[in-house]
Amino acid sequence: MNSLGEIMEQAEEWLSSCQNQWVEDLENLIRIPSISQPVDRSSKFPFGQECAKVLEKALDMARRMGFQTQCHEYYCGTAFLPGKDLTCKDLGIFVHLDVVPPGEGWTYPPFAAIREGDLIVGRGSRDNKGAAVAVLYAVKFLVENQIFLNHGIRIFFGCNEELGMADAEYYFKDHEAPLFSIVPDAPFPVCYGEKGVIELELKKSLNSKGQSILEFSGGVASNLIPESAMVRIKPEESFKFQEYRSGKGIEICQEKKTLRITSHGRAAHSAFPEGSENGILKLIRYLLKTDLLADNERELLSQIEALFGGCYGEELGISCEDSSTGRLTCVLTRMFMDQTEWRGTVNIRYPVTADGKAICGKLEKIFTDYGFTVAAIGDNPGYILDSSHPAIELLNRIACDRLGLTLEAYTARGGTYGRKIPAPAVGYGPSCPGPHPFGPGRGTGHLPDEAASICGLKQAAGIFAEALVALDTLLYKKEEEK
């Protein structure tokens with residue numbers, strides 16, 4: 001056996017022979033609604049019971065395949081396969097099992113793992129449970145075909161990637177980073193850098209006297225541009241319902257003495273606002289055109305629209321960009337309001353060359369001047385790997401050759417474990433660039449009807465198998481040269 005060119009082809013044949021098993025494994029992971037919760041360090045399950053359950057399931061799968069597994073107090077888990085040279089550091093693979101909330105607009109049940117032709121539909125199928133299964137089976141293929149690497153392979157299963165990455169921070173307090181890691185949470189070919197991420201939680205106390213708005217609610221996750229928002233209003237006695245009609249993404253319903261108005265836009269990952277339509281802003285803009293608001297409500301919503309009406313931070317004076325990671329994005333992703341308090345979440349992705357601390361300082365002053373309380377602010381700096389690193393060229397060539405595409409290594413707007421690993425790491429698959437079969441606004445990670453291709457995962461697993469062998473050879477040779 002086994003030239004590099006043969007490995008992917010043989011891996012795909014092997015994966016076809018055990019397809020029923022690995023597809024069933026993926027479906028079982030998807031059926032666990034492992035929406036990560038804010039970290040509770042006093043609990044046995046710091047990210048909630050569903051995340052603990054999906055971690056146990058993944059570790060059971062790994063043990064069944066012959067990996068040495070460890071649960072790290074339910075913050076995360078690892079599956080380890082020793083290499084031939086026990087003096088070598090490990091190669092790392094970092095995947096996550098937590099998911100964002102399903103949100104609105106699904107055609108299929110989000111946690112039922114429905115098969116639709118070649119697709120498996122369900123929250124987490126692409127982000128990131130499909131990748132978890134693909135890397136496990138890629139390594140299992142190598143073992144069953146007696147392709148043994150010099151380096152050990154350590155797979156990290158995280159439970160808090162979507163909500164702050166406290167799992168990775170916990171792990172690296174006591175564990176050494178691998179020599180080199182791949183993070184299969186990005187499109188092929190190779191992602192060698194990511195923007196920084198700033199998240200703010202804002203509050204503002206309200207005077208309930210004379211207010212019309214009983215409740216305003218929009219957004220389900222800090223990194224998801226919401227498809228919809230809802231407001232309940234108690235109109236004045238002279239209100240005439242017949243003057244208001246549903247249409248153009250606005251639904252109006254009279255409920256006894258209150259009015260319920262719902263907006264419908266287009267959801268998107270907060271890092272990719274292009275083509276989205278923020279349901280919160282759509283509803284605010286509609287309300288500002290009506291006479292339903294009290295003066296103080298109109299003033300507040302006008303302020304929100306003025307501060308967050310765009311997507312690139314111009315309104316806040318923080319817009320910037322660089323040639324490596326592109327343009328800053330700034331999105332209001334959640335907003336809740338009753339008669340006593342307004343709350344909002346702001347998600348910002350900033351270029352790797354920008355100063356995150358300086359941006360935070362500027363934002364705190366701006367929002368304080370506008371009368372908001374900054375309840376929480378977090379800065380998760382980005383990272384960039386030297387684009388001349390030999391592993392980048394190697395992994396890029398393997399992916400492009402096997403996909404039959406000509407693509408360049410790139411930097412990303414989204415955030416992955418790559419930024420938390422204190423050693424070289426790259427994003428590497430399992431998805432391919434291009435439109436999803438379901439069309440715009442559906443099918444990809446964080447969107448309704450998220451779905452993974454069975455053939456695509458099989459192909460990705462083959463690429464992973466070949467890449468691990470090539471990476472092992474490259475890095476072992478360099479270690480010998482030292």
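Here is a short report on the structure shown in this document.

Conventions used here
- Residues numbered from 1 in each chain as written.
- Predicted model: local features only at pLDDT ≥ 70, side-chain atom pairs only at ≥ 80, totals over all residues.
- Heavy atoms only, no water.
- Helix = DSSP H or I, 4+ residues; strand = E, 2+ residues; numbered from the N terminus.
- Rg over C-alpha atoms; globule rule 2.2 N^0.38 Å.
- Buried < 20%, exposed > 50% of the residue type's maximum accessible area, 1.4 Å probe, protein only.
- Contact = heavy atoms within 4.5 Å.
- Lys, Arg positive; Asp, Glu negative; His and termini not counted.
- Charge placed at Lys NZ, Arg CZ, Asp CG, Glu CD.
- Axes fitted to C-alpha atoms, helices over the stretch in contact; angles between N-to-C directions.
- Left-handed = near helix turned anticlockwise from the far one by under 90°.
- Nonpolar A, V, L, I, M, F, W, Y, C, P; charged D, E, K, R; others polar.
- Pairing = 2+ DSSP bridges.
- Salt bridge = Lys/Arg side-chain N within 4 Å of Asp/Glu carboxyl O.

This paragraph deals with the overall build of the protein chain. Broken down by element type, the protein chain carries ten helices and 26 strands. For 482 residues, the compact-globule estimate of 2.2 N^0.38 gives 23 Å, and the C-alpha radius of gyration of the protein chain, at 24 Å, lies within 12% of that figure. Along the first, second and third principal axes, the C-alpha atoms of the protein chain reach 85 × 45 × 45 Å. Within the protein chain, the fraction of its 482 residues that count as buried is 55%. Here the contacts in the protein chain between residues at least 6 apart in sequence split such that 77% fall between residues at least 24 apart. Side chains of the protein chain carry 50 positive and 65 negative charges; the gap between the two charge centres is 5 Å.

Once that is clear, we can look at the packing of helix H2 (residues 19-30) against helix H4 (residues 125-144). The interhelical angle for the contact between H2 and H4, taken along N-to-C directions, is 145°, at an axis separation of 10 Å. Considering how the two elements wind past one another, H2 and H4 form a crossing that is right-handed. Residues Gln21, Trp22, Asp25, Leu26, Leu29 and Ile30 of H2 form the contact with H4, whose own contacting residues are Ser125, Lys129, Gly130, Val133 and Tyr137. Its residues assigned to classes, the contact of H2 with H4 comprises six nonpolar, three polar and two charged.

Here the bond from aspartate 127 into asparagine 128 is cis, since omega is 20°, no more than 30 degrees from zero. As for its position among the elements, asparagine 128 is in helix H4. With an omega of 10°, the peptide bond running from glycine 429 to proline 430 counts as cis. When you line up the elements, proline 430 lands in strand E25 (residues 430-431). The backbone phi angle of alanine 113 is positive, close to 55°, even though this residue is not glycine. Note that alanine 113 resides in the loop between strand E3 (91-96) and strand E4 (114-116). With phi around 55°, aspartate 449 is a residue other than glycine that occupies positive phi space.

If you walk across this open sheet you meet the three strands as E4-E5-E26, and the pairing is antiparallel. Two strands bound the open sheet, and with one partner strand each, they are E4 and strand E26 (451-453). Adjacent strand axes in the sheet meet at a mean angle of 25° when their direction is disregarded. The sheet contact formed by E4 and strand E5 (residues 119-121) spans three bridges and is antiparallel. Paired with arginine 115 across the bridge in E5 is isoleucine 120. Sitting on the sheet, helix H10 (residues 454-481) touches E4, E5 and E26, and the angle it makes with E26 is about 60°.

The next subject is the pairing of strand E15 (residues 258-264). Counting buried positions along E15 gives five out of seven residues, so the element sits mostly inside the fold. Direction of pairing for strand E13 (residues 228-233) relative to E15: antiparallel, over a ladder of six bridges. Residue pairing across strands places isoleucine 233 opposite leucine 259, the latter belonging to E15. Note: strand E14 (residues 250-255) against E15, six bridges, orientation antiparallel. Residue glutamine 254 lies in a different strand from E15, and its bridge partner there is leucine 259. In sequence, E14 turns back onto E15 through a hairpin of two residues, with lysine 256 there showing a positive phi of about 55°.

Right, let's get into the pattern of salt bridges. Inspection of every chain in the model, using the stated rule, returns 21 salt bridges. Across the pair aspartate 90 and arginine 154 runs a salt bridge, and its minimum N-O distance is 2.9 Å. Here the residue aspartate 90 occupies a position in the loop between strand E2 (76-81) and E3, and arginine 154 occupies one in strand E6 (residues 153-158), the gap between them amounting to 64 residues. A relative accessible area of 17% places aspartate 90 in the buried class.

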